[in-house]
Amino acid sequence: MRYNEISHSSHLQHKLKFEYTEVLFKCDGCKEVGIGSRYRCAACDYDLHLHCALPSPSFTHPFYTKCSFQFCARPPGTVARYCNACEKDVTGFMYHCKSCGFDLHPCCAKLPVVLDDGDVKLYLYRKVSASCHRCGRKGRSWSYRSSCKKYNLHVACVKEMLVESWHDHQIMANNSNFGRGVNNNFNGGGKLETRIPKGTLQSYQKRSGNKGKMKKCSEMAGLAIQFVVSAVLGDPTTLIAGVVGSLISK
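By convention here, each chain's residues receive numbers from 1 onward along its written sequence. In keeping with the model being predicted, local features are shown solely for residues with a pLDDT of at least 70 and side-chain atom pairs are shown and tallied solely at 80 or more, while totals for entire chains, interfaces and linings include all residues. Based on all heavy atoms of the structure, the side-chain values leave hydrogens and waters out of the count.

## Focus: the pairing of strand 1 (residues 5-8)
Note on strand geometry: in a regular strand, side chains alternate between the two faces of the sheet. Our working rule: Exposure is judged per residue with a 1.4 Å probe applied to protein chains only, and the accessible area is read against the type maximum: over 50% gives exposed, under 20% gives buried, and values in between give partly exposed. By definition, any uninterrupted DSSP run of H or I lasting at least four residues is a helix, any uninterrupted run of E lasting at least two residues is a strand, and each is numbered from the N terminus. Criterion used throughout: strands pair if DSSP finds at least two bridges between them.
Here strand 1 shows a buried face lined by Ile6 and His8 and an unburied face lined by Glu5 and Ser7. Relative to strand 2 (residues 11-26), strand 1 is paired through 3 bridges, and the arrangement is antiparallel. Each residue of the ladder has a partner; that of Ile6, found in strand 2, is Leu16. Here strand 1 folds back onto strand 2, and the loop between the two strands holds 2 residues.

Structure below.
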């Protein structure tokens, strides 16, 4: 359920209004990046993913059938924790299973099991034995795999792409605003660096011996990346995938 305006315990000063944005923002709940739908206090520059603004108090996940995850506003205990989906640090809102000690970012916890736009269908796996299109390695974090089994993307690699984009954009923002007292706070819509490594496609061409197939592989892999990125950002819709695609092509 979505509301146009909500009160949230993490930001009692003002109500948060629902809005849609086509630029990257940093969620003040989970401290992860987002795009698309969000709840925002413009006066305080405070943003929350939908999953962070309206979390489920508890839930179960098909990958961990014996676990019961509870929503937490902060990591429990004093030991550093990491997300079992993307293997990245957990520093804000999270889901935690007391019995198993597993942790999930809110957006990772709600990653769709299937992403399907009619042309590309991707399934979420806890582990995939095939190599990732981004890093070329096997294993690691949860992965999305196409129904044809040709395209694999680690959730961790998608997060790394986004972190690289944040850093690049922050550097550009700091340089352009030096001396002007402007605070962009990641909201400049910087370029998303999400290209498939050249080596992966070149090796595919050698195996297939067909440049046309390599081009098709590149296009399909690029489309797959758009949908996985949009899912990781917290808004896995066709509209957002199109926005991500436009950012990629700039």
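## Considerations on the environment of His133
Mapped onto the fold, His133 is located in the loop between strand 12 (121-125) and strand 13 (143-146). Residue class for His133 comes out buried when judged on its relative accessible area of 8%. Separated by 20 residues in sequence, His133 and Leu153 have C-alpha atoms that sit 5.9 Å apart.

## Digging into unusual backbone geometry
Despite not being glycine, Lys31 has its phi angle at roughly 70°, a positive value. Tracing the sequence through the fold places Lys31 in the loop between strand 2 and strand 3 (33-41).

## A word on the pattern of salt bridges
This is how the line gets drawn: Criterion for a salt bridge: a side-chain nitrogen of Lys or Arg within 4 Å of a carboxyl oxygen of Asp or Glu.
Under the defined criterion, the tally for this structure stands at 6 salt bridges. As a salt-bridge pair, Arg40 and Asp45 come within 2.9 Å of each other at their nearest N and O atoms. One network of salt bridges, with partners in common, ties together Glu19, Arg38, Arg40, Asp45 and Asp47.

## Observations concerning the packing of aromatic side chains
Geometrically, a pair of aromatic rings is defined through the distance of the ring centres and the angle of the planes. Selection criterion: To pair, rings of Phe, Tyr and Trp, with the six-membered ring standing in for Trp, must have centres within 6.5 Å; the planes then decide the type, stacked if under 30 degrees apart, edge-to-face if over 60, and tilted in the middle. Criterion for a charge above a ring: Lys NZ or Arg CZ within 6 Å of the ring centre, and within 35 degrees of the ring normal.
Throughout the structure, instances matching the rule amount to 9 aromatic pairs. Each ring, one from Tyr64 and one from Trp142, has its centre 6.2 Å from the other, and the planes form 35°; the classification is tilted. With Tyr64 in strand 6 (residues 64-72) and Trp142 in the loop between strand 12 and strand 13, this residue pair connects regions lying 78 residues apart in the sequence. There is no split in this pair, since Tyr64 and Trp142 are both buried. Note on Phe71 and Phe93: the rings are 5.4 Å apart at their centroids and 75° apart in plane angle, and the pair reads as edge-to-face. One end of the pair, Phe71, is in strand 6; the other, Phe93, is in the loop between strand 8 (89-90) and strand 9 (94-96), with 22 residues separating them in the sequence. Feature note: the residues Phe59, Phe63, Tyr64, Phe69, Phe71, Phe93, Tyr95, Phe102 and Trp142 constitute an aromatic cluster, connected by ring pairs. The side chain of Lys110 reaches across the aromatic face of Phe59, ending 5.8 Å from its centre.

## Overview of the sheet that holds strand 3
Applied cut-off: In this description, a line fitted to the C-alpha atoms serves as the axis of each element, helices being fitted only across the stretch in contact, and the angle between N-to-C directions of two axes falls anywhere from 0 to 180 degrees.
Judged by pairing direction, the sheet is antiparallel, and its 4 strands sit side by side in the order 1-2-3-4 without closing on themselves. Unpaired on one side and paired on the other, strand 1 and strand 4 (46-48) mark the two borders of the sheet. Neighbour-to-neighbour, the strand axes of this sheet turn through a mean angle of 50°, independent of strand direction. Note: strand 3 against strand 4, 3 bridges, orientation antiparallel. Across the sheet, Arg40 pairs through a bridge with Asp47, a residue of strand 4.

## Quick word on the sheet that holds strand 9
With respect to topology, 4 strands assemble into an open sheet ordered 5-6-9-10, the strand pairing being antiparallel. On the outer flanks of this sheet lie strand 5 (58-61) and strand 10 (103-104), each paired with one strand and no other. In terms of strand pairing, strand 5 meets strand 6 through 3 bridges, oriented antiparallel. Looking across to strand 6, one finds that Ser58 is bridged to Gln70.

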